[in-house]
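Structure at a glance
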Amino acid sequence: MILKSHLFSLIIYAFFVCIVLAIIRRRERKAQIRYFVSLFLIMVVGALLFGWFMYLFIS
Amino acid sequence: MGLVTLQKRLIIIMNLLWTCNKFIDNSKKHPHNFPNSCNRRYQTGKLKKKASGSRAEMLSYLVLDLICHFYYHFYSKMKVKSIACMILGWILPGLGHIVLKKYWRGLIFFLCITAMFALGLILEGRIYSFQTENPLTILGFFSDLGIGLYYFLSKTLALGIGNLKSSTFEFGTAYIAGAGLLNYLVALDAFDIALEKKT
């Protein structure tokens, strides 16, 4: 099952959250798209970086 | 303490409360929601009172103040409408926006939050009930409760029991909790739109 991939689940989760937040926080279409893209990248890339950061502490 | 003194003090306290009221800006922005008597008296945010007066006069001030406060806080059309939209938005994601004729926005909210909730169930996430044995689950309960009607439906249909053995359990639970929290924001957004704080 494709949703067993945590990365894919993370991306879908970030996608939905970013859509809703972009519509709530911004009113103009261009601003919404910009906000969506930046928030999506922050969530996905941030989670990946934090995941690799935690990898350093595996004993 | 005489009756007149008591009334004077009550009036002073009510005026202080009123001037401190966070909704005073709305009375300036939307004076049409207030009766004329309230408009004349409250439009500057200050209520000029006479320091002295007959008992009947003071009593009439008190009664009028009470009526104005009661009217503003409980029967202001805009506020009733905004609370109704917020509750509708909480019951069904996006419904508050649809009632406010923001059709596309409401539809997108409905689709996104419903999809998140459905995915959470597919991923065998858990919907928490209120219980005090494990206090941390109370937070989960409040976030799940944000999904509104879906929460009660899933409890009735015995969905969202959660499968701890499944590798997707944590993600499923996060999806459901996230959908509930987002729905709180959506409902509050509908509240703000109805109050004309947002477009």
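Note: the structure precedes this text.
Residues numbered from 1 in each chain as written. Chains lettered and ligands numbered in written order. Predicted model: local features only at pLDDT ≥ 70, side-chain atom pairs only at ≥ 80, totals over all residues. Heavy atoms only, no water.

**Considering the overall build of chain B**
To keep it simple, the criterion reads: Think of it this way: any DSSP run of H or I at least four residues long counts as a helix, any run of E at least two long counts as a strand, and we number them from the N terminus. For every residue, the accessible area (1.4 Å probe, protein chains only) is compared with the maximum for its type, and the residue is labelled buried under 20%, exposed over 50%, or partly exposed between those bounds. In what follows, a contact means two residues having at least one pair of non-hydrogen atoms within 4.5 Å. To be clear on the numbers: accessible area is Shrake-Rupley with a 1.4 Å probe, and residue cover counts the displayed protein chains and nothing else.
Tallying secondary structure elements over chain B gives 10 helices and zero strands in all. In chain B, the order of α-helices and β-strands from amino to carboxyl end is α-α-α-α-α-α-α-α-α-α. Expressed as a percentage of the 199 residues in chain B, the buried residues total 43%. Considering only intrachain contacts with a sequence separation of at least 6, the fraction spanning at least 24 residues in chain B is 71%. In the structure as shown, chain B presents an accessible area of about 11300 Å², 69% of it carried by carbon and sulfur atoms.

**Details of the interface of chain B and chain A**
Our working rule: Reported buried area values correspond to the accessible surface (1.4 Å probe) lost by two parts on association, with both partners' losses combined. Gly is placed with the polar residues, together with every amino acid not listed as nonpolar (Ala, Val, Leu, Ile, Met, Phe, Trp, Tyr, Cys and Pro) or charged (Asp, Glu, Lys and Arg).
Opposite the 22 residues of chain B that make contact, chain A presents 16 residues. Counting each side, the surface lost to burial between chain B and chain A is near 1800 Å², with a carbon and sulfur contribution of 77%. Taken together, the residues of the side of chain B that touches chain A sort by class into 15 nonpolar, four polar and three charged.

**Notes on the packing of aromatic side chains**
Heads up, the condition is: We call Phe, Tyr and Trp rings a pair once their centres come within 6.5 Å, taking the six-membered ring for Trp, and we label the pair stacked below 30 degrees between planes, edge-to-face above 60, and tilted otherwise.
Scanning all chains against the criterion turns up 14 aromatic pairs over all chains. Judged by centre distance (5.9 Å) and plane angle (20°), the rings of F36 of chain A and F40 of chain A are stacked. With F36 of chain A and F40 of chain A both in helix α2 (residues 29-55), this residue pair falls four residues apart, about one helical turn. Like F40 of chain A, F36 of chain A is buried. Feature note: the residues W90, F130, F141, F142, Y151 and F152 of chain B constitute an aromatic cluster, connected by ring pairs.

**Description of the pattern of salt bridges**
Pairs may arise between side chains of opposite charge once their charged atoms sit close together. What counts is decided by this rule: Take a side-chain nitrogen of Lys or Arg and a carboxyl oxygen of Asp or Glu: if they are within 4 Å of each other, that pair is a salt bridge.
According to the stated counting rule, one finds two salt bridges over all chains in the structure shown. Residues D189 of chain B and K198 of chain B are paired through a salt bridge, measuring 2.9 Å at the closest nitrogen-oxygen approach. What makes D189 of chain B buried here is its relative accessible area of 1%. Overall, K198 of chain B belongs to the partly exposed group, its relative accessible area being 29%. When salt bridges that share partners are traced, they join R27 of chain A together with D189 and K198 of chain B into one network.

**Re the packing of helix α1 (residues 6-25) of chain A against α2 of chain A**
All names here are of chain A. For clarity, the threshold we go by: As a rule, the C-alpha atoms of each element are fitted with a line to give its axis, helices using only the stretch in contact, and angles between N-to-C directions run from 0 to 180 degrees. Put simply, angles under 35 degrees are roughly parallel, angles over 145 are roughly antiparallel, angles from 65 to 115 are roughly perpendicular, and the rest are oblique. By definition, turning the near helix anticlockwise from the far helix through less than a right angle yields a left-handed crossing, and turning it clockwise yields a right-handed one.
At their nearest, the axes of α1 and α2 sit 9 Å apart, and the two run at 150° to each other. Here α1 is positioned roughly antiparallel relative to α2, judged by the angle of their axes. Classified by chirality, the crossing of α2 by α1 is right-handed. Within the contact between the two elements, α1 uses L7, L10, I11, A14, F15, V17, C18, I19, L21, A22, I23 and R25 and α2 uses Q32, Y35, F36, L39, F40, M43, V44, A47 and L48. Grouping the amino acids of the contact of α1 with α2 by side-chain chemistry returns 19 nonpolar, one polar and one charged.

**With respect to the nonpolar core**
Stated formally: Residues enter a nonpolar core if they are buried and are Ala, Val, Leu, Ile, Met, Phe, Trp, Tyr or Cys, with the set joined through side-chain atoms within 4.5 Å.
Residues V20 of chain A together with M116, F117, I147, Y175 and L182 of chain B are the most contacted members of the largest nonpolar core, which totals 38 residues. When residues of this core are assigned to their parent elements, the largest contribution, 12 residues, is made by α1 of chain A. Beyond its immediate stretch of four places on either side in the chain, F117 of chain B contacts I127, I147, Y150, S154, I176 and A179 of chain B. Residues C85, L100, I193 and A194 of chain B belong to the second largest nonpolar core, which totals five residues.

**Describing the packing of α1 of chain A against helix α7 (residues 103-122) of chain B**
One can describe the packing of α1 of chain A onto α7 of chain B by two numbers: an axis separation of 10 Å at closest approach and a directional angle of 155°. Compared by their axis directions, α1 of chain A and α7 of chain B come out roughly antiparallel. At the point where α1 of chain A passes α7 of chain B, the crossing takes the left-handed sense. Across the interface between the two elements, I12, Y13, F16, V17, I19, V20, I23 and I24 of chain A of α1 of chain A pack against R105, I108, F109, C112, A115, M116 and L119 of chain B of α7 of chain B. Class assignment for the residues of the contact of α1 of chain A with α7 of chain B results in 14 nonpolar, no polar and one charged.

**Here's the deal with unusual backbone geometry**
All names here are of chain B. Of note in the backbone geometry, A158 takes a positive phi value of approximately 55° without being a glycine. You can see A158 is positioned in the loop between α9 (149-156) and α10 (169-194). You can call A158 partly exposed: its relative accessible area is 48%. In this model, E196 sits at a positive phi of 65°, which is unusual for a non-glycine residue.

**Side note on the environment of G148 of chain B**
All names here are of chain B. The residue G148 is located in the loop between α8 (136-145) and α9 in this model. Judged by relative accessible area, which is 1%, G148 ranks as buried. Not counting the four nearest positions on each side in its chain, G148 is found in contact with W90, I91 and N183.

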